There are 2 protein chains.
Amino acid sequence: MNDFVFYCPTKIIFGKGGEDKIGEYIKPFSSNVLFHYGGGSIKKSGLYDKVTASLKNAGIKFTELGGVQPNPLLSVVNKGIKIVKDQKIDFILAVGGGSVIDSAKAIAAGVKYDGDVWDFFINKATVKAALPVATILTIPAAGSESSGNSVITNDENLFKFGISNDKLRPVFSILNPEFCFSLPPIQRANGICDMMAHVFERYFTNVNHTETGDKLCEGLLKAIINSGPKVLKNERDYDAWAEIMWAGALAHNGLLGRGRQEDWGSHGLEHPLSAVYGIAHGSGLAIMFPAWMKYVYKNNLGFFVQFAVNVWGVNDNLRDFEAVALEGIEKTAEFFKSLGLPSKLTEIGAKESDFEDLAAKALGRGPFGAFKRIDKVEYAVEIYKIAYK
Amino acid sequence: MNDFVFYCPTKIIFGKGGEDKIGEYIKPFSSNVLFHYGGGSIKKSGLYDKVTASLKNAGIKFTELGGVQPNPLLSVVNKGIKIVKDQKIDFILAVGGGSVIDSAKAIAAGVKYDGDVWDFFINKATVKAALPVATILTIPAAGSESSGNSVITNDENLFKFGISNDKLRPVFSILNPEFCFSLPPIQRANGICDMMAHVFERYFTNVNHTETGDKLCEGLLKAIINSGPKVLKNERDYDAWAEIMWAGALAHNGLLGRGRQEDWGSHGLEHPLSAVYGIAHGSGLAIMFPAWMKYVYKNNLGFFVQFAVNVWGVNDNLRDFEAVALEGIEKTAEFFKSLGLPSKLTEIGAKESDFEDLAAKALGRGPFGAFKRIDKVEYAVEIYKIAYK
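Calculation rules
- Residues numbered from 1 in each chain as written.
- Chains lettered and ligands numbered in written order.
- Predicted model: local features only at pLDDT ≥ 70, side-chain atom pairs only at ≥ 80, totals over all residues.
- Heavy atoms only, no water.
- Helix = DSSP H or I, 4+ residues; strand = E, 2+ residues; numbered from the N terminus.
- Rg over C-alpha atoms; globule rule 2.2 N^0.38 Å.
- Buried < 20%, exposed > 50% of the residue type's maximum accessible area, 1.4 Å probe, protein only.
- Contact = heavy atoms within 4.5 Å.
- Axes fitted to C-alpha atoms, helices over the stretch in contact; angles between N-to-C directions.
- Parallel < 35°, antiparallel > 145°, perpendicular 65-115°, else oblique.
- Left-handed = near helix turned anticlockwise from the far one by under 90°.
- Nonpolar A, V, L, I, M, F, W, Y, C, P; charged D, E, K, R; others polar.
- Phe/Tyr/Trp six-rings, centres within 6.5 Å; stacked < 30°, edge-to-face > 60°.
- Lys NZ or Arg CZ within 6 Å of the ring centre and 35° of its normal.
- Salt bridge = Lys/Arg side-chain N within 4 Å of Asp/Glu carboxyl O.
- Pairing = 2+ DSSP bridges.

## What about the overall build of chain A?
Consideration 1: Within chain A, the secondary structure is distributed over 15 helices and eight strands.
Consideration 2: Computed over its C-alpha atoms, the radius of gyration of chain A comes to 20 Å, within 12% of the 21 Å expected for a compact globule of 389 residues.
Consideration 3: Considered along the principal axes of its C-alpha atoms, chain A spans approximately 65 × 45 × 45 Å.
Consideration 4: Out of the 389 residues belonging to chain A, those deemed buried represent 62%.
Consideration 5: Taking the intrachain contacts of chain A between residues at least 6 apart in sequence as the baseline, contacts between residues at least 24 apart amount to 79%.

Shown next, in the form of structure tokens:
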């Protein structure tokens with residue numbers, strides 16, 4: 001096991017009705033808040049009214065900034081930074097999914113930095129301070145509700161990069177599984193794939209003696225695999241949503257990666273897909289993860305056998321390691337497909353002639369991937385080819 | 001799944017050499033520290049010298065209070081409170097196992113309270129504030145390094161009670177598996193049993209739809225069961241100790257109990273054992289947990305079948321639920337025995353005539369246990385009888 005530091009001070013407030021107390025929860029922190037949200041689904045669901053009523057009851061002044069889209073844009077972040085500075089706001093409430101929360105974190109960091117906030121995303125600067133951010137999560141997927149991560153797309157050049165810093169972890173997050181009831185099927189499926197991918201990125205490692213972490217990863221994967229199809233079938237299954245929502249928060253709060261070397265190759269390969277083709281991150285991951293697995297499994301066959309047996313219950317012909325490993329990968333691909341997610345690049349309109357450009361974009365910030373290093377454009381191209389059709 | 005709040009802000013600094021930087025880590029918090037430790041094993045191991053050197057290098061003034069024993073005593077806590085007040089100390093560093101850390105937390109809370117610190121332990125008062133506590137853990141067992149819990153024995157009446165409060169969670173804890181190398185076999189075994197018991201108390205629940213938590217519990221149990229015998233066999237097995245130390249911290253930081261109703265019946269039954277017979281808490285739990293299981297398993301047979309199958313791999317004659325459940329319990333008892341722990345009350349000198357008094361002590365603070373309520377002296381007596389010989 002590698003040496004590590006684990007620090008996750010986000011308070012998780014889980015269950016029904018937390019949103020009605022949001023004003024009360026914020027009061028000790030601030031009385032002048034940026035209320036950040038997305039495309040307006042919170043107005044339809046009634047959550048907007050609940051939040052504004054609670055803020056008003058608590059005597060908290062708030063300025064609204066809606067309009068965050070999936071794959072949140074740098075332009076909106078910069079708009080937020082300007083508002084916060086102008087209004088002398090000292091706290092950001094993000095109500096929505098990972099995109100809104102990521103956008104809020106970028107604003108929180110940008111406000112405290114004299115330069116261009118994009119500097120953080122191109123490794124030109126490190127976050128030293130940030131405003132406190134709290135969240136009310138409406139889409140279990142990105143895990144941003146308790147992570148220190150933020151992924152932003154630069155609308156000028158379509159580069160999409162992430163940063164990770166403990167200072168960006170929300171001070172608290174409200175998780176009410178009832179908010180998930182109104183999600184359309186594709187968003188449910190994307191979320192499930194996204195959180196599974198967060199576990200995968202940490203699970204697959206070449207570090208030895210990581211059993212505690214292995215078991216946590218495998219357990220979360222099995223819980224997600226069990227409840228995922230249930231929420232696809234019945235969007236009002238509170239208990240299944242509760243599993244998904246709790247598992248999704250744990251998948252990305254850093255816990256699962258402690259003591260191991262995380263990979264993040266598939267995320268690196270996916271980011272150009274959602275930036276260029278405008279698809280959801282989860283859909284891109286459903287395509288890229290099985291392809292990545294096929295590209296890397298021989299590197300550590302034992303790990304992929306363990307994955308197939310412990311996560312997917314593969315147990316026939318166990319002596320044929322390669323067949324077992326491939327069956328685990330196949331079951332992963334089949335599972336994503338069964339959720340209604342795309343499985344090949346052709347399905348999202350990508351052409352073979354795009355691969356060089358996608359690979360160049362993926363490697364735009366340098367090499368990535370630890371399980372197998374992706375440090376050459378041709379390696380990335382090869383994985384896109386596996387994912388093609 | 002039940003509604004819940006999860007908040008664990010303790011920073012875990014895991015791996016080799018963390019102790020050499022203790023002064024640096026404390027500096028942002030304090031320059032006047034109580035250095036609290038146990039019976040002097042840290043002097044033999046060289047840890048005492050490392051800690052004092054690092055504190056001196058950082059220019060931190062410290063006052064020593066050693067002498068904490070297993071089952072930490074109220075009298076030492078009161079001594080600590082007096083020192084802290086007299087010396088205007090504002091930070092407590094606990095170096096040792098759970099007893100030292102629990103003692104430090106009680107001091108931290110007592111200093112900020114005008115009444116008798118024992119009030120907290122008899123539910124006469126609630127902790128409203130506490131000094132910050134940091135730890136260097138030398139015995140993986142109690143999980144006190146990241147919990148808000150403290151268990152203290154009143155040396156006047158031998159009552160032993162615990163409190164739980166987020167304000168008592170350490171600000172940071174240094175976990176270096178190398179510190180475990182010098183632990184004698186019985187302490188290794190007690191620690192392993194203690195941390196498994198922390199998982200058990202959370203795992204066994206009558207709340208439905210707790211799959212994410214179930215999987216985390218089962219995974220940690222399997223990791224402990226795999227590495228436990230390794231550290232018994234070879235006290236210098238760093239990798240196995242790393243699993244044990246990390247699993248032990250996660251077993252008791254509150255994570256595993258979220259969304260479920262925790263039980264704590266076996267702990268309630270054990271506390272009088274260690275208080276009256278002076279045995280280690282882990283040894284008492286090795287006796288009481290299998291007895292408690294035998295007393296309660298019919299209450300939720302399905303859960304005990306799940307336990308037997310998922311944790312112990314029982315899979316023969318799966319249709320005979322009762323036999324499967326009992327085999328899981330038997331395997332638990334055998335495992336504790338294989339570590340060299342006592343399995344019956346006769347082994348620690350208890351007599352049948354003691355049971356009424358033990359039961360009265362266990363119920364001294366009121367009924368306990370959620371999986372099966374223990375609210376009558378005769379129920380507790382019955383479990384002691386199962387544990388007798």
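## Structural notes on the side chain of A:Lys361
Consideration 1: Considering the arrangement of structural elements, one finds A:Lys361 in helix H14 (residues 355-362).
Consideration 2: Those residues in contact with A:Lys361, other than ones at most four positions away along the chain, are A:Asn157, A:Leu158, A:Phe159, A:Phe161, A:Pro272 and A:Val276.

## Section: the packing of helix H7 (residues 185-203) of chain A against helix H9 (residues 238-251) of chain A
Residue and element names in this part refer to chain A.
Consideration 1: H9 packs onto H7 with a crossing angle of 40° between their chain directions and a minimal axis gap of 9 Å. In terms of orientation, H7 and H9 fall into the oblique class. Pair H7 / H9 crosses with left-handed handedness. Between H7 and H9, the residues in contact are Arg188, Ile192, Met195, His198, Val199 and Arg202 and Trp241, Ile244, Gly248 and Ala251, respectively.
Consideration 2: Across the contact of H7 with H9, the residue classes break down as six nonpolar, two polar and two charged.

## Topic: the packing of aromatic side chains
Consideration 1: Applying the stated criterion to the full structure yields 70 aromatic pairs over all chains.
Consideration 2: Judged by centre distance (5.8 Å) and plane angle (75°), the ring pair of A:Tyr37 and A:Tyr48 falls under edge-to-face. With A:Tyr37 in strand E2 (residues 32-37) and A:Tyr48 in helix H3 (residues 47-57), the pair connects residues that are 11 residues apart, well separated along the chain.
Consideration 3: Relative accessible area serves as the criterion here: at 15%, A:Tyr48 is assigned to the buried category.
Consideration 4: Geometrically, the ring pair formed by A:Phe159 and A:Phe161 is stacked, given 5.5 Å between the ring centres and 20° between the ring planes.
Consideration 5: In this structure A:Phe159 comes out as partly exposed when scored by relative accessible area, which is 25%.
Consideration 6: According to the relative accessible area criterion, A:Phe161 is buried, its value standing at 8%.
Consideration 7: An aromatic cluster is defined as three or more aromatic residues linked by ring pairs; in this entry it consists of A:Phe200, A:Tyr203, A:Phe204, A:Phe289, A:Trp292, A:Phe303, A:Phe304, A:Phe307 and A:Phe371.
Consideration 8: Taking NZ or CZ as reference, A:Lys11 lies 5.0 Å from the ring centre of B:Tyr7, over its face.

## With respect to the packing of H14(A) against helix H15 (residues 377-386) of chain A
Working note: a packed helix pair is described by the angle between its axes plus the distance between those axes.
Residue and element names in this part refer to chain A.
Consideration 1: The geometry of H14 relative to H15 is characterised by a closest axis approach of 8 Å and an angle of 125° between their N-to-C directions. Our classification of the angle between H14 and H15 gives oblique. The interaxial crossing formed by H14 with H15 has right-handed handedness. Packed against H14, whose contacting residues are Phe355, Glu356, Leu358, Ala359 and Ala362, the element H15 presents Val377, Ala380, Val381, Tyr384 and Lys385 at the interface.
Consideration 2: Taken together, the residues of the contact of H14 with H15 sort by class into eight nonpolar, no polar and two charged.

## Thoughts on the pattern of salt bridges
All names here are of chain B.
Consideration 1: What the rule picks out here adds up to 20 salt bridges over all chains.
Consideration 2: Put simply, Lys50 and Glu19 hold a salt bridge, and the shortest N to O gap is 3.4 Å. Highlighted residues: Lys50 in helix H3 (residues 47-57) and Glu19 in the loop between strand E1 (4-14) and helix H1 (22-26), separated in sequence by 31 residues.
Consideration 3: Owing to a relative accessible area of 38%, Lys50 belongs among the partly exposed residues under this scheme.
Consideration 4: Using a relative accessible area of 2% as the deciding quantity, one classes Glu19 as buried.

## Regarding the environment of B:Ala130
Residues and elements named next belong to chain B.
Consideration 1: When you line up the elements, Ala130 lands in the loop between helix H6 (118-121) and strand E5 (133-137).
Consideration 2: Taking the C-alpha atoms as reference points, Ala130 and Lys112, separated by 18 residues in sequence, lie 5.8 Å from one another.
Consideration 3: What Ala130 contacts, discounting residues up to four positions off in sequence, is Ala108, Ala109, Lys112, Lys167 and Leu168.

## Structural notes on the sheet that holds strand E8 (residues 172-175) of chain A
Sheet strands associate in pairs through backbone hydrogen bonding, adopting either a parallel or an antiparallel arrangement.
Consideration 1: Strand order across the open sheet formed by 12 strands is E3(A)-E2(A)-E4(A)-E5(A)-E8(A)-E1(A)-E1(B)-E8(B)-E5(B)-E4(B)-E2(B)-E3(B), with mixed pairing between neighbours. Strand pairing shows two members of the sheet lacking a second neighbour, strand E3 (61-65) of chain A together with strand E3 (61-65) of chain B, which therefore form its edges. Strand-to-strand twist of the sheet, defined as the mean angle between neighbouring strand axes without regard to direction, takes the value 25°.
Consideration 2: Looking at chain direction, E2(A) and strand E4 (residues 91-96) of chain A are connected through five bridges and run parallel. The residue bridging A:Phe35 from the neighbouring strand is A:Leu93, located in E4(A).
Consideration 3: Each of E2, E3, E4 and strand E5 (133-137) of chain A touches helix H5 (residues 98-111) of chain A; the most contacted strand, E4(A), lies at about 165° to it.
Consideration 4: The strands that helix H4 (residues 74-87) of chain B touches are strand E2 (32-37) and E3 of chain B; relative to E3(B), the one it contacts most, it runs at about 160°.

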